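Residues per chain, in single letters:
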Amino acid sequence: MKRDRSGAHPANSFRNVLLIFFLVLLLVLPFFLNPYLLHIMIMTFLFAYLSRNWDLIGGFAGQFFLGPVVMFGIGGYTSTLLNVHFNLSPWIGMVPGGILAAATGMALCYLSFRFGLKGIYFGLVTLTFPEILRVVVTNVGFLGGVNGVLIPFRQNSLLYFQFAGKLPYYYISFLMMLLSIYVMYRIERSRSGYYCLAIREDEEAAEALGVDTLKYKLICTGIGCFFLALGGTFHAQYLMFVSPDTFFGIAFTLEVIIRSIVGGVGTLFGPVIGSFILTPLSDISRGLLGGYRGVHLMLFGAIIIAIILYLPQGVGEWFGRVYDGFRVRFDRNVDRKATPWRRGQGAKY
Amino acid sequence: MSLLKISGLRKDFGGLTAVLDFGLTIAKGEIVALIGPNGAGKTTIFNLISGYLRPSGGEILFKEENIVGLKTNQICKKGIGRTFQIVKPFLGLTVIKNVMIGAFNQTDRPDLSEERSLQVLEFLDFLDKKDYPIGSLTIADRKRLELARSLATQPHLLLLDEVAAGLNPKETEEIIAMIRKINQRGVTLLMIEHVMKTITSLADRIVVINYGMKIAEGKPFEVLRDPNVVKAYLGEAYQIAENQ
């Protein structure tokens, strides 16, 4: 964050120590986990990655983008079909998948904004688009139809993005999550990042200050969709299977968005925090309460309601308050009005 | 050389003509005030110049180049800044980041943008509040932020929409001083204003419009005595009473 530039005051180094601690912890963690917990961690990373990239469009730039699953599906299907039919490694196949997804997202965006569909109406367009694709994919034989496409297991190799164990997937998803955070970190500090924030806050005012709102909306949508699609390829390779319901179903969209909301929309670490809370919670509660049908969903819902009631800006807000608290305690020169988190005003950037 | 030359400007909203055959020439370095009763079409003219609305007819020449049909952000890049009557700060961002978004108009490097923003904040005596969230600013400070933001885009012509409205006398004094300082830096100003004090102490020239048409133009005190202007503001009855 910008205000940190003044130097390394204690709250700052405290944060860095915390980050390094988590990094090391996550690097050595898999050696102590059984495959079930490993699976939960992989899904946590994957969802952190996806939420982080959705949040670039939906939170950071504030566009009501309700179709992350389309990009996910396009990515997964493109690399899988290229792999199955043309024997192309998914590492290469994920690039056309990403480009296709970015193009689709930008086209959706352009058409909507060109004809003045904003806010909730843009949301409806992006919400229904995956449904169209789901029906198309279900009914076209070449695309696998209702049964989806099975990825044949050729060999345990990095080249084909296929592994017998879960450990490589753990590290790949971990790296992807770090990558998404890094990309966001860079965007946040660039002109495009500032412009995205301006667009989120007030488009009219942004235009008056020389921001080409359409252009920057397209840029951030393109970047977000590209990376969402890479997540699709990862998921396909992890499951070794793509099907219309998982890769174009609306449930998945909600899963991604809810993590961002719980963690803190439009913040660097919010979506990641959200995923670290909700993904293990949903899996473990399903495991423990699976005998009583639907109980784990009730628990899930109750927690989300509680978070929205008491931490409306996400769990990340709580971290922000702690951070500001540290600054006030250790740095006597801090202007108390300039600690928005502590004052509950939540100016995030 | 005229900086801005508007001729034959017209805007229809369906059957309603908001602006009709409006012409205006502003020379470099001038302060021109645009006044008129409520609903006269002042803000519409601003919206036409800054590209929010597309004129139904007429042309707007800025530095001898027709800017009709350009998008708002392109017009800003050409060098026309504007502030809003109802302030539109970026609520989720701090003061300095609000200004930086304006400063990015001239550079794509964050460090240069920040440097430029700090200069603008210092110029407007606003540096002490640079890390404040917008929620903690008073209305006077928000108006000052509007000024700072649009000034950071480095405009040649600045359109000020009622910057003194809703301020107390002391704050009005401050903003008048600020506007004068901005003008001394070589920024040409076109302002909509209702506060007479601001107009008489700042404007070189006043343009009065009513029902979308220009009814008077000239030096402040001459224009304010013009019978047509008095009629537009205070009504026919007032004038009859004056004459008796």
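Residues numbered from 1 in each chain as written. Chains lettered and ligands numbered in written order. Predicted model: local features only at pLDDT ≥ 70, side-chain atom pairs only at ≥ 80, totals over all residues.

K.L.:
Is there a simple way to explain the overall build of chain A in this structure?
P.N.:
On a plain count of helices and strands, chain A comes out with 14 helices and two strands. Whereas a compact globule of 349 residues would reach a radius of gyration of roughly 20 Å, chain A reaches 21 Å, a difference of no more than 12%. Its C-alpha atoms give chain A principal-axis dimensions of about 65 × 55 × 40 Å. Here chain A holds 349 residues, and 46% of them are scored as buried. Long-range contacts, defined here as pairs at least 24 residues apart, represent 73% of the contacts in chain A between residues at least 6 apart. (Helix = DSSP H or I, 4+ residues; strand = E, 2+ residues; numbered from the N terminus. Rg over C-alpha atoms; globule rule 2.2 N^0.38 Å. Buried ≥ 20, exposed ≤ 12 C-beta atoms within 10 Å, placed from the backbone. Contact = placed C-beta atoms within 7 Å.)

K.L.:
Sorry, what's going on with the sheet that holds strand β8 (residues 188-192) of chain B here?
P.N.:
Strand pairing in a sheet relies on backbone hydrogen bonds. The paired strands run either parallel or antiparallel. Residue and element names in this part refer to chain B. Taken in spatial order, the six strands of this open sheet run β6-β7-β8-β3-β9-β10, and their pairing is mixed. Whereas interior strands pair on both sides, the edge strands pair on one side only; in this sheet they are β6 (80-82) and β10 (213-218). Taking each pair of neighbouring strands and ignoring which way they run, the sheet shows an average axis angle of 20°. By the bridge criterion, five bridges tie strand β7 (residues 157-161) to β8 in an arrangement that is parallel. By the bridge assignment for β8, L160 is matched with M191. Contacting β3 (31-35), β6, β7, β8 and β9 (205-210), helix α1 (residues 42-49) crosses the sheet at an angle of about 150° to β7. (Pairing = 2+ DSSP bridges. Axes fitted to C-alpha atoms, helices over the stretch in contact; angles between N-to-C directions.)

K.L.:
Got a minute to help me understand the sheet that holds strand β4 (residues 57-62) of chain B in this structure?
P.N.:
Residues and elements named next belong to chain B. Spatially, β2-β1-β4-β5 is the arrangement adopted by the four strands of the open sheet, whose pairing is antiparallel. Taken across any chain shown, the strands that pair with only one partner, and hence form the sheet edges, are β2 (16-27) and β5 (65-66). One ladder, built from five bridges, connects strand β1 (residues 2-13) with β4; its direction is antiparallel. Looking at β4, one finds that I6 is bridged to I60.

K.L.:
How should I be thinking about the confidence of the model for chain A in this particular structure?
P.N.:
On average, residues of chain A carry a pLDDT of 85, and 91% of them reach 70 or more. Note that pLDDT drops below 50 for residues 1-8 of chain A; the model gives that stretch four contacts with residues more than four away or on any other chain. (pLDDT = per-residue confidence, 0-100.)

K.L.:
Which parts of the structure should I look at to understand the interface of chain A and chain B?
P.N.:
How big an interface is tends to be stated in terms of the accessible area lost upon association of its parts. With 26 residues of chain A in contact, the opposing surface of chain B contributes 29 residues. Of all the elements in the fold, those that place two or more residues in the side of chain A that touches chain B are α7 (191-201) and α8 (203-208) of chain A. The element best represented in the side of chain A that touches chain B is α7(A), accounting for six residues. Grouping the amino acids of the side of chain A that touches chain B by side-chain chemistry returns 12 nonpolar, three polar and 11 charged. (Nonpolar A, V, L, I, M, F, W, Y, C, P; charged D, E, K, R; others polar.)

K.L.:
Before we go on, may I ask you to explain the nonpolar core in this structure?
P.N.:
A:A198 and B:L34 are the most contacted members of the largest nonpolar core, which has 142 residues in total. Element by element, the count of residues in this core is highest for helix α2 (residues 35-60) of chain A, at 12 residues. In this structure B:L34 touches B:K42, B:I45, B:L190, B:M191, B:I192, B:V207 and B:I209, once residues within four positions along its chain are discounted. (Core = buried A, V, L, I, M, F, W, Y, C linked by C-beta atoms within 7 Å.)

K.L.:
I keep staring at the packing of α7(A) against helix α3 (residues 95-103) of chain B and nothing clicks. Help me out?
P.N.:
Any two packed helices are characterised by the angle at which their axes cross and by the distance between the axes. Remark: α7(A) packs on α3(B), axes separated minimally by 10 Å, with the N-to-C direction vectors making an angle of 110°. Compared by their axis directions, α7(A) and α3(B) come out roughly perpendicular. For the pair formed by α7(A) and α3(B), the contact residues are A:Y194, A:Y195 and A:A198 on the first element and B:K97, B:M100 and B:I101 on the second. Residue composition of the contact of α7(A) with α3(B), by class: five nonpolar, no polar and one charged. (Parallel < 35°, antiparallel > 145°, perpendicular 65-115°, else oblique.)

K.L.:
Just to check I follow, could you spell out the environment of B:N105 for this structure?
P.N.:
Along the chain, the position of B:N105 falls in the loop between α3 and α4 (110-123). Distance in space between the C-alpha atoms of B:N105 and B:V207 is 30 Å, their sequence separation being 102 residues. Apart from the residues within four sequence positions on either side, B:N105 is in contact with A:L209, A:G210, B:C76, B:K77, B:T153 and B:Q154.

K.L.:
Can you help me understand helix α5 (residues 119-139) of chain A in this one?
P.N.:
All names here are of chain A. Given a rise of 1.5 Å per residue, 21 residues ought to cover 30 Å, and the 31 Å separating the end C-alpha atoms of α5 matches this to within 8%. Every buried residue of α5 is listed here: F122, T126, P130, L133 and V137. End-on view of α5: buried residues confined to an arc of 85°, all on one side of the axis. Away from its buried face by more than 90 degrees, α5 exposes I120, I132, V135 and N139. For α5, the elements touching its buried residues are α3 (68-86), α4 (90-114), α10 (244-248) and α11 (250-263). (Expected span 1.5 Å × (residues − 1). Arc of directions from axis to C-beta.)

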